[in-house]
Amino acid sequence: AADQGHAYGQINLGRMYEEGRGVVKDVVKAAELYGKAADQGNAIGQCILASMYKEGKGVVQDIVKAAELYGKAADQGHAGGQNNLGRMFEGGRGVAQDV
C-alpha cells in the first residue's frame, strides 16, 4: 500500500521502520515515509513528522519546520497537532511566544 501512495500505508510502514518491527530499524526511512504521507496533506503524517523534526530523529532538527507541520495538522482539526503547536507557542519554540 505504501508503494502505491496510500498515506496510511506509508504511516504504518514508517512506524515499522521507526521501531524496527519486521524490518531493520531505520529512522531516516521512517521520516521519508512520514514525509510522503504529510506531503499528501495527511494530518497524522504531518504530526508524526513534526515530532521527528522537533526531536531531530531521522532528520536534521528543525524547530521551525516542526511548528509549521504541527500547524498544518492543527488546521485540519488534529488534536495532537493542536496540542503540540500550543505547547510550542507557550514555550516560544519555533514560533514567537504567545501565552
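Residues numbered from 1 in each chain as written. Predicted model: local features only at pLDDT ≥ 70, side-chain atom pairs only at ≥ 80, totals over all residues. Heavy atoms only, no water.

A. Spotlight on the nonpolar core. In this structure, Y34, L49, Y53 and Y70 are the most contacted members of the largest nonpolar core, which totals 25 residues. For this core, the secondary structure elements donating two or more residues are helix 1 (7-19), helix 2 (27-39), helix 3 (43-55), helix 4 (63-75) and helix 5 (79-91). In contact with L49, other than residues within four places in its own chain, are A31, Y34, G35, A38 and L69. (Core = buried A, V, L, I, M, F, W, Y, C linked by side-chain atoms within 4.5 Å. Buried < 20%, exposed > 50% of the residue type's maximum accessible area, 1.4 Å probe, protein only. Helix = DSSP H or I, 4+ residues; strand = E, 2+ residues; numbered from the N terminus. Contact = heavy atoms within 4.5 Å.)

B. Molecular detail of the environment of L33. Inspection of the secondary structure puts L33 in helix 2. L33 gets classed as buried once you look at its relative accessible area, which sits at 5%.

C. Local environment of the pattern of salt bridges. In this structure the tally under the stated criterion is six salt bridges. Of the charged contacts in the structure, one is a salt bridge between E68 and K65, with a shortest N-O distance of 3.6 Å. Separated by three residues within a single helix, E68 and K65 lie in helix 4, roughly one turn from each other. On the basis of relative accessible area, E68 is assigned to the partly exposed category, the value being 38%. Overall, K65 belongs to the partly exposed group, its relative accessible area being 27%. Counted as one network, the salt bridges with shared partners bring together R15, E18, E19, R21 and K57. (Salt bridge = Lys/Arg side-chain N within 4 Å of Asp/Glu carboxyl O.)

D. How the structure looks around the packing of helix 1 against helix 2. As a packed pair, helix 1 and helix 2 sit with axes 8 Å apart at the nearest point and diverge in direction by 165°. The orientation of helix 1 with respect to helix 2, classified from their angle, is roughly antiparallel. Our pair here, helix 1 against helix 2, has a crossing hand that is left-handed. Judged by residue contacts, A7, Q10, I11, L13, G14, R15, Y17 and E18 of helix 1 engage V27, K29, A30, L33, Y34, K36 and A37 from helix 2. In terms of residue class, the contact of helix 1 with helix 2 is built from nine nonpolar, two polar and four charged. (Axes fitted to C-alpha atoms, helices over the stretch in contact; angles between N-to-C directions. Parallel < 35°, antiparallel > 145°, perpendicular 65-115°, else oblique. Left-handed = near helix turned anticlockwise from the far one by under 90°. Nonpolar A, V, L, I, M, F, W, Y, C, P; charged D, E, K, R; others polar.)

E. Quick look at the packing of helix 3 against helix 4. Look at helix 3 against helix 4: their axes get within 8 Å of each other, and the N-to-C directions meet at 160°. By the angle class used here, helix 3 and helix 4 are roughly antiparallel. As helix 3 packs across helix 4, the resulting crossing turns out to be left-handed. Contacts from A43, Q46, C47, L49, A50, S51, Y53 and K54 in helix 3 reach I63, K65, A66, L69, Y70, K72 and A73 in helix 4. Taken together, the residues of the contact of helix 3 with helix 4 sort by class into ten nonpolar, two polar and three charged.

F. Just the side chain of E18, in detail. Along the chain, the position of E18 falls in helix 1. Of note is the side chain of E18, whose polar atom sits 2.5 Å from the side chain of Y34. Separated by 2.9 Å, the side chains of E18 and K57 make a polar contact. Leave out the neighbours within four places in its chain, and E18 touches K25, D26, V27, A30, Y34 and K57. (Polar contact = N/O pair within 3.5 Å; in protein donor to acceptor, adjacent residues only side chain to side chain.)

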